[in-house]
Amino acid sequence: MCVKSEDVSSLNKKEKSSEDVNTDSTTGRTGRDLGVWESSLEDRAGIISTWMLSYISPLLKLGAEKVLDSEDIGVPSKGDRADYAYETSLAAWKEEEEKCRIANLKEQKCFEGKLEACSSEEEKKKIKKPKLKEPSLGIALMNAFGGFRFFLAIIYYVISALLSFVPVLVLNDLVKFFESPDRTLSDPGTFVNPWIEVAGLAKGS
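Presented here is a report on the structure given in the accompanying data block. Just so we're clear, the structure is a prediction, and the values are computed from it rather than from any experiment. Each chain carries its own residue numbering, running from 1 in the written order of its sequence. Predicted model: local features are reported for residues with pLDDT of at least 70 only, side-chain atom pairs are reported and counted for 80 or more only, and whole-chain, interface and lining totals are derived from all residues. Side-chain numbers come from the whole structure's heavy atoms, not from hydrogens or water.

## Comments concerning helix α7 (residues 137-145)
Stage number 1. Among the residues of α7, the N-terminal cap falls to Ser136, whose side-chain oxygen and the backbone nitrogen of Gly138 are separated by 3.5 Å.
Stage number 2. The secondary structure listing takes helices from DSSP runs of H or I that are at least 4 residues long and strands from runs of E that are at least 2 residues long, numbered from the N terminus. Phi turns positive, to about 95°, at Gly146, one or two residues after α7. As used in this structure description, the phrase polar contact means that two N or O atoms lie within 3.5 Å; if the pair is within protein, one of them must be able to donate a hydrogen and the other to accept it, and residues adjacent in sequence are counted only when both atoms belong to side chains.

What follows is the structure, encoded as structure tokens:
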């Protein structure tokens, strides 16, 4: 059986190219070079980098060079770890329980003092029993993760809800513009230039 030299050379080229790919995948950079196994990129990010999500740029750049795997992702953020959430929540819950216990103890002593000051059983019956305070899970979670984060999350949610109405208002504005033959680009009668609104809708979609 005869094999053409062209076929042999093509097979050699394919084998060589596959070897080069394997070599590049084994000797290329990994997420360990970014230090993601010592601490996450999110924990090392500043305020502006956190808002703009620019701290993941090194990881995206690495993803453009190779296929990312679990070794490139590294450890999760400290705030996203289950052990951190459990320990922080448990400590805050115990603190909330202790505050309620101390407050209830004071109320109970005050109630007993009023009972001792009474001279008859009728006066004792008129005194209402104190309402014992129960620990609040919501307050414990807020103290554990910070009230500022809850407040900031509410602000972000409100802004997101308001922005969801913007495309509807812009579309309604454009419909009014196109339905009115008297309106022109020099005097559109819209919030801004109609072309700007169209570009905003196209970019948002």
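## Brief notes about the packing of α7 against helix α8 (residues 147-163)
Stage number 1. Orientation is described by lines fitted to C-alpha atoms, with helices fitted over the stretch in contact, and by angles between N-to-C directions that extend from 0 to 180 degrees. Contact geometry for α7 and α8: axes closest at 6 Å, N-to-C directions at 100°. It follows that α7 is roughly perpendicular to α8 by the angle criterion. For the pair formed by α7 and α8, the contact residues are Leu141, Met142 and Phe145 on the first element and Gly147, Arg149 and Phe150 on the second.
Stage number 2. Here the term charged refers only to Asp, Glu, Lys and Arg, the term nonpolar to Ala, Val, Leu, Ile, Met, Phe, Trp, Tyr, Cys and Pro, and the term polar to all other amino acids, Gly among them. Its residues assigned to classes, the contact of α7 with α8 comprises four nonpolar, one polar and one charged. Roughly parallel means an angle under 35 degrees; roughly antiparallel means over 145; roughly perpendicular covers 65 to 115; every other angle is labelled oblique. Throughout, a residue-residue contact means that at least one pair of heavy atoms, one from each residue, lies within 4.5 Å.

## Re the layout of surface pockets
Stage number 1. Approximately 510 Å³ is the volume attributed to the largest pocket.
Stage number 2. Both cavities and pockets are sets of points on a 1 Å grid over the protein atoms alone; in a cavity a 1.4 Å probe fits but cannot get out, in a pocket the set is open with protein on both sides within 12 Å along at least five of seven lines, and lining residues sit with an atom within 4 Å of a point. Lining the largest pocket are 17 residues, and of these Glu42, Thr50, Trp51, Arg149 and Leu152 lie nearest its centre.
Stage number 3. Mapped by element, the contributors of at least two residues to the lining of the largest pocket are α2 (47-52) and α8.
Stage number 4. When residues in the lining of the largest pocket are grouped by element, the largest group, five residues, is from α8.
Stage number 5. Residues of the lining of the largest pocket, tallied by class, amount to eight nonpolar, four polar and five charged. Grid points are joined across faces, edges and corners, and a volume is the space filled by probe spheres set on the points.

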